[in-house]
Amino acid sequence: MQNVKSFEITKQLVMQAYQKVKANRGSGGIDGVSIDEFDENLKDNLYKIWNRMSSGSYIPPPVKLVEIPKPDGGVRPLGIPTVGDRIAQMVVVLTLEPQLDPLFHEDSYGYRRNKFAHQAINKARQMCWKHDWVLDMDISKFFDTIDHELLMKAVRKHTNCPWILLYIQRWLTVPYEKSDGTRIERDKGVPQGSAIGPLLANLFLHYAFDEWMKRNHPNVPFERYADDTICHCNSLSEAQLLMKDVQVRFKQCKLELNESKTKIVYCKDSNRKLNYEVISFDFLGYTFRPRGASTRQGKLFTSFLPAISNKAKQRIGDRMRE
């Protein structure tokens with residue numbers, strides 16, 4: 001009997017995926033197997049992943065659910081796949097990412113090669129000097145509410161590769177497993193903590209927001225880091241209109257703005273004299289607000305600048321105490 005594989009996936013690709021996952025480290029999933037323990041029987045473990053993926057018989061195990069306390073109360077659900085499953089996901093990421101990344105918006109900074117949070121912060125600083133107003137957007141439970149049907153529509157737009165479509169569909173619906181062994185079925189969302197989640201999230205927002213902005217608000221610059229987004233407007237009325245339009249757009253995409261956290265901000269400085277109650281926002285661990293500055297000649301003035309946020313300071317202090 002011939003050993004014919006259903007899908008052409010090279011062993012070299014699986015090895016490359018393993019090296020990426022190993023470099024990222026991370027804890028074990030529901031099987032409790034760490035990277036170091038996976039390495040103890042590396043050859044056989046990688047062969048099993050390659051063999052099952054190539055034959056179409058790879059079934060992802062449940063995702064370990066860890067609930068991380070949020071600074072403002074509540075918890076953030078973090079889904080941690082097993083080491084083997086992260087490697088399988090990385091096989092798809094390494095295949096799909098080179099096709100998708102060149103299409104993404106230049107001011108989309110999250111989870112991309114050669115794109116960093118500090119680039120987004122620096123660009124936001126420059127844009128706040130040029131534009132008086134900011135729409136600081138917060139998407140309510142973004143990773144947990146991504147619509148699977150819309151996401152798969154976006155994936156199919158860029159690939160018809162059968163094994164990529166098959167495995168992404170399986171990863172989207174694999175259940176969470178809690179510490180007591182109970183399982184939670186999933187019909188929407190992408191687990192935070194998965195290897196493929198960031199790429200899928202970026203693809204979803206590429207169509208739900210970035211491309212929509214290019215068509216409908218081409219003169220409004222923005223910076224986006226995953227679902228953390230700020231938009232720069234020239235007037236309060238422009239910012240208010242944009243917020244209404246985004247709410248409608250997100251409803252179409254089965255997303256929702258968190259109204260308690262989404263706000264319009266006035267970038268107050270020495271030249272901006274308007275009285276407006278909201279004059280600061282947080283972005284990627286930095287608080288942007290009016291701050292004292294000086295010219296090269298030593299003349300003092302007020303500029304709109306970022307500095308480390310109190311929340312970020314608190315996190316660093318807590319980590320150091322631990």
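Computed from a predicted structure; not experimentally measured.

### Side note on the overall build of the protein
- Assigned secondary structure in the protein consists of 11 helices and 11 strands.
- Counting only C-alpha atoms, the protein reaches 80 × 50 × 40 Å along its principal axes.
- Buried residues in the protein amount to 47% of all 322 residues.
- The long-range share in the protein, meaning contacts at least 24 apart out of those at least 6 apart in sequence, stands at 67%.
- Put simply, the protein shows about 17,300 Å² of open surface, and 49% of that area lies on carbon and sulfur atoms.

### A closer look at helix 9 (residues 197-216)
- If you check helix 9, its first and last C-alpha atoms are 27 Å apart, about what 20 residues at 1.5 Å a residue would give, namely 28 Å.
- Approximately 50 degrees is the largest bend angle found in helix 9, and it occurs at His-206.
- Of all 20 residues in helix 9, 15 are buried, a share of seventy percent or more.

### A word on the packing of aromatic side chains
- One pass over the structure, following the stated rule, counts 13 aromatic pairs.
- Ring centres 5.1 Å apart and planes at 75 degrees place the aromatic pair Phe-209 and Phe-222 in the edge-to-face group. Taken together, the residues Phe-209 in helix 9 and Phe-222 in strand 6 (residues 222-225) connect sequence positions 13 residues apart. Each of the two residues, Phe-209 as well as Phe-222, counts as buried.
- Here the aromatic residues Tyr-58, Tyr-167 and Trp-171 are joined through ring pairs into a cluster of three or more.
- One Lys or Arg, Lys-11, reaches over the ring of Trp-50 and ends 4.7 Å from the middle of that ring.

### Side note on the pairing of strand 10 (residues 286-294)
- As paired elements, strand 9 (residues 281-283) and strand 10 share three bridges and run antiparallel to each other. Bridge pairing links Asp-282 to Thr-287 in strand 10.
- Connecting the antiparallel pair strand 9 and strand 10 is a turn made up of two residues, with Leu-284 showing a positive phi of about 55 degrees.
- Across nine bridges, the pairing between strand 10 and strand 11 (residues 300-308) is antiparallel. Paired with Thr-287 across the two strands is Ala-307, which belongs to strand 11.
- What sits between the antiparallel neighbours strand 10 and strand 11 is a turn of five residues, in which Gly-298 has the positive phi angle 90 degrees.

### With respect to the sheet that holds strand 3 (residues 133-138)
- Taken in spatial order, the four strands line up as 6-7-3-8 in an open sheet, and their pairing is antiparallel. The sheet is open, and its two edges are formed by strand 6 and strand 8 (263-266), each paired on a single side. The sheet shows a mean angle of 15 degrees between the axes of neighbouring strands, direction not considered.
- Judged from the six bridges that link them, strand 3 and strand 7 (residues 228-233) form a sheet pairing that is antiparallel. If you follow Asp-136 over to strand 7, its bridge partner there is Ile-230.
- Across the face of the sheet, helix 5 (residues 117-130) comes into contact with strand 3, strand 6 and strand 7 while running at roughly 160 degrees to strand 6.
- Packing against the sheet, helix 9 makes contact with strand 3, strand 6 and strand 7, and its axis sits at approximately 175 degrees to strand 6.

### Some points on the sheet that holds strand 10
- The strand order 9-10-11 describes an open sheet built from three strands, whose pairing is antiparallel. Edge positions in the sheet fall to strand 9 and strand 11, since each of these pairs with one other strand and no more. Averaged over neighbouring strand pairs, the angle between their axes works out to 50 degrees when direction is ignored.
- On top of the sheet, helix 5 reaches strand 9, strand 10 and strand 11; it is set at about 155 degrees to strand 11, its chief contact.

### Things to note about the nonpolar core
- Counting residues in hydrophobic clusters, the biggest one holds 70 residues, and the most contacted among them are Met-53, Ile-87, Trp-163 and Ile-168.
- Those residues in contact with Trp-163 that lie beyond four places of it in its chain are Phe-7, Glu-8, Ile-9, Met-53, Val-91, Val-92 and Thr-95.
- In terms of nonpolar packing, the next biggest core, distinct from the first, is built from 13 residues, Tyr-109, Ile-121, Val-134 and Phe-281 among them.

### Section: the pattern of salt bridges
- A full pass over the atoms with the stated rule returns 11 salt bridges.
- Through salt bridges with shared partners, a single network forms among Asp-132, Asp-269 and Arg-272.

### Considering the side chain of His-232
- Along the chain, the position of His-232 falls in strand 7.
- Its relative accessible area of 1% is what places His-232 among the buried residues.
- At a separation of 2.7 Å, a polar atom in the side chain of His-232 contacts the side chain of Glu-223.
- Beyond its immediate stretch of four places on either side in the chain, His-232 contacts Ala-124, Met-127, Cys-128, His-131, Trp-133, Val-134, Val-220, Pro-221, Phe-222 and Glu-223.

### Brief notes about the environment of Asp-147
- The residue Asp-147 is located in the loop between helix 6 (142-145) and helix 7 (148-158) in this model.
- Classification of Asp-147 as buried rests on a relative accessible area of 14%.
- On a C-alpha basis, the gap between Asp-147 and Gly-189 in space is 6.4 Å, while along the polypeptide they are 42 residues apart.
- Apart from the residues lying within four places of it in its own chain, the contact partners of Asp-147 are Phe-204 and Lys-254.

About the criteria used
- Residues numbered from 1 in each chain as written.
- Predicted model: local features only at pLDDT ≥ 70, side-chain atom pairs only at ≥ 80, totals over all residues.
- Heavy atoms only, no water.
- Helix = DSSP H or I, 4+ residues; strand = E, 2+ residues; numbered from the N terminus.
- Buried < 20%, exposed > 50% of the residue type's maximum accessible area, 1.4 Å probe, protein only.
- Contact = heavy atoms within 4.5 Å.
- Areas by Shrake-Rupley, 256 points an atom, 1.4 Å probe, with all protein chains shown as cover.
- Expected span 1.5 Å × (residues − 1).
- Bend = angle between axes of the 7 residues up to and from the residue.
- Phe/Tyr/Trp six-rings, centres within 6.5 Å; stacked < 30°, edge-to-face > 60°.
- Lys NZ or Arg CZ within 6 Å of the ring centre and 35° of its normal.
- Pairing = 2+ DSSP bridges.
- Axes fitted to C-alpha atoms, helices over the stretch in contact; angles between N-to-C directions.
- Core = buried A, V, L, I, M, F, W, Y, C linked by side-chain atoms within 4.5 Å.
- Salt bridge = Lys/Arg side-chain N within 4 Å of Asp/Glu carboxyl O.
- Polar contact = N/O pair within 3.5 Å; in protein donor to acceptor, adjacent residues only side chain to side chain.

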